Amino acid sequence: MTTIPARTPERALDRDHRTTTLGLLALVTMFAFEAVAVSLAMPSVARELNGETLYPIAVVGLLTAAVVGMVVGGTWSDARGPGLPLTVGGLGFVAGLLVSGLAGTMELFVGGRLLQGLGCGLALTAMYVAVADAYPSHLRTRVFSLFATAWVVPSIAGPFIAGALVDLFGWRSVFLVVAAFATLSTFVVRAAMGSGLAVRESAVVWGRRPAYAVVAAVGVVALHLAGHGTGLRAGLLLAAGLLVVVWAMGPLLPRGTARAERGLPAVVAARGVFGGAFACVEMFLPLVLQDESGLSPTVTGLVMMVGALGWTAGSSYSGRHGNPDTFEGLLRAGAVALLGGAAISLALVPIDHQAVLAAVVATVGFAVMAVGMGLATPLMSTLALDLAPAGRQGESGGAMQLSDALGQSIAAGLVGAVYARWFLLDEHTSYLSGFGLALLLSALAIVIARRCLTPRRPDPPGAATAGVEE
């Protein structure tokens, strides 16, 4: 009697998927490393190019332009598949790096940063669609957990590598080295996915979404400028930026996102709330540890590194154990961890002048928050694909990226404005503006997390439902 050998379970790094997975991970790593490296290189850039007045837009330019790239990438990928948008986005990112790395003026450098953002946003959204096309549904959570790890790992070794490049070869080397590796990663991904992507021949219908994305980007710039200013001008910028962003969000995000309606709208809303809560603590923790606790930048970096490891651990666990039956529990656990870490961070208030104790509390609080982010982020990305209408995964992926970017930007703008006022009254406790908003957003995340999964309903006549699909 002939026995049929058992089929080996598919894995993200098996023979059929290995090249695609490694290429995508390499590209994500390049995006993440660039974000870490630029923060270290920017002071040198501003000094050499005499561009201190353009420093803010040079820093936030990538995120601002990425908002537009995300919308364009989602629409384009849904209509024609992710292959070409991913390639164009990756090469656009490389072109921006080269422009910035070779720039002779600050104006040209900023132009390169905007081009980097367009390419990055375009490619990141196309990657969501690529995951939907290249992997079966049961592997997607694992792939997204690997993405999360690839995004976090550069924050561990990245500062040291970037600092060494700047010290040894100058700030331009950071952009040129990343450009070389990003070029290689883009072509590896394109070659690996050439035969595995779904063929789509729909007409590209842009509509007004790109225009709304540009408006949202302008609002994001206003929020960042308000967060770094004081006085009446900052208040007016903050109000105008909030109004513009909120107005533009409606056509860009799924209907019902503002109310966190059950299903996809709640998932998209949760991504922004989770990201905003984490960003509030991440912004102020180094300030507290160095200015209030007297810790060195090196020790502060170690605290942040442990947080990065917590995110990696959470995403790894989510990738191994995440499935439709465990999504609800893991999402809730991630939200609770986010809230718990924010609450622990508040304990720094009475002990921030005790260096050792403050370092321990900050490490524990930040790591717990990071574990929560690691648990929830891959699941939210998977749900965004599973709950997206057929043929609109790119739009769903773009909405997730947009929600994350806008959530962090809105939180940063609000906290920056409150912090500036609070600092004038009591500089030693003004960081509570960030920790307090993080606590509120974390509590909101618990509520929204419960609405991310649609309840199972009886099958209508002649139709079937599967998993968490609407």
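Residues numbered from 1 in each chain as written. Predicted model: local features only at pLDDT ≥ 70, side-chain atom pairs only at ≥ 80, totals over all residues. Heavy atoms only, no water.

1. Regarding the pattern of salt bridges
(1) Moving on: Counted under the stated rule, the structure contains 6 salt bridges.
(2) Moving on: With a closest N to O distance of 3.4 Å, Asp386 and Arg140 form a salt bridge. With Asp386 in helix H14 (residues 355-386) and Arg140 in helix H5 (residues 137-152), this pair connects stretches of sequence that are 246 residues apart.
(3) Moving on: Residue Arg140 is classed as buried on the basis of its relative accessible area, which comes to 13%.
(4) Moving on: In this structure, Arg259 engages Glu261 in a salt bridge whose closest nitrogen and oxygen atoms are separated by 2.4 Å.
(5) Moving on: Under the relative-accessibility criterion, Arg259 is labelled exposed at 57%. (Salt bridge = Lys/Arg side-chain N within 4 Å of Asp/Glu carboxyl O. Helix = DSSP H or I, 4+ residues; strand = E, 2+ residues; numbered from the N terminus. Buried < 20%, exposed > 50% of the residue type's maximum accessible area, 1.4 Å probe, protein only.)

2. Notes on the nonpolar core
(1) Moving on: Grouped together as the largest cluster of nonpolar side chains are 126 residues, with contacts concentrated most on Phe109, Met127, Phe147, Phe274 and Leu285.
(2) Moving on: Counting residues per element, this core draws most heavily on helix H10 (residues 264-292), at 16 residues.
(3) Moving on: Val220, Leu238, Val245 and Ala417 belong to the second-largest nonpolar core, a separate cluster that totals 8 residues. (Core = buried A, V, L, I, M, F, W, Y, C linked by side-chain atoms within 4.5 Å.)

3. Things to note about the environment of Ile344
(1) Moving on: Considering the arrangement of structural elements, one finds Ile344 in helix H12 (residues 327-346).
(2) Moving on: Between the C-alpha atoms of Ile344 and Val364, which are 20 residues apart in sequence, the distance is 7.6 Å.
(3) Moving on: Beyond its immediate sequence surroundings of up to four residues, Ile344 is in contact with Val361, Val364, Gly365 and Val368. (Contact = heavy atoms within 4.5 Å.)

4. Focus on the packing of aromatic side chains
To describe a pair of aromatic rings, you give the distance between the ring centres and the angle between the ring planes.
(1) Moving on: Within the structure shown, the criterion is met by 9 aromatic pairs.
(2) Moving on: A ring pair is formed by Phe31 and Phe93, whose centres lie 4.7 Å apart and whose planes are at 85 degrees; its orientation type is edge-to-face. With a gap of 62 residues between them, Phe31 in helix H1 (residues 18-48) and Phe93 in helix H3 (residues 83-101) connect regions that are remote in the sequence.
(3) Moving on: Ring centres of Phe109 and Trp171 lie 5.9 Å apart, and the angle between their planes is 85 degrees; this geometry places the pair in the edge-to-face category. On the criterion of sequence distance, the pair formed by Phe109 in helix H4 (residues 106-134) and Trp171 in the loop between helix H6 (154-169) and helix H7 (172-193) is long-range, its members being 62 residues apart. One exposure class covers both Phe109 and Trp171, and it is buried.
(4) Moving on: Through successive ring pairs, a cluster of aromatic residues spans Phe109, Trp171 and Phe175. (Phe/Tyr/Trp six-rings, centres within 6.5 Å; stacked < 30°, edge-to-face > 60°.)

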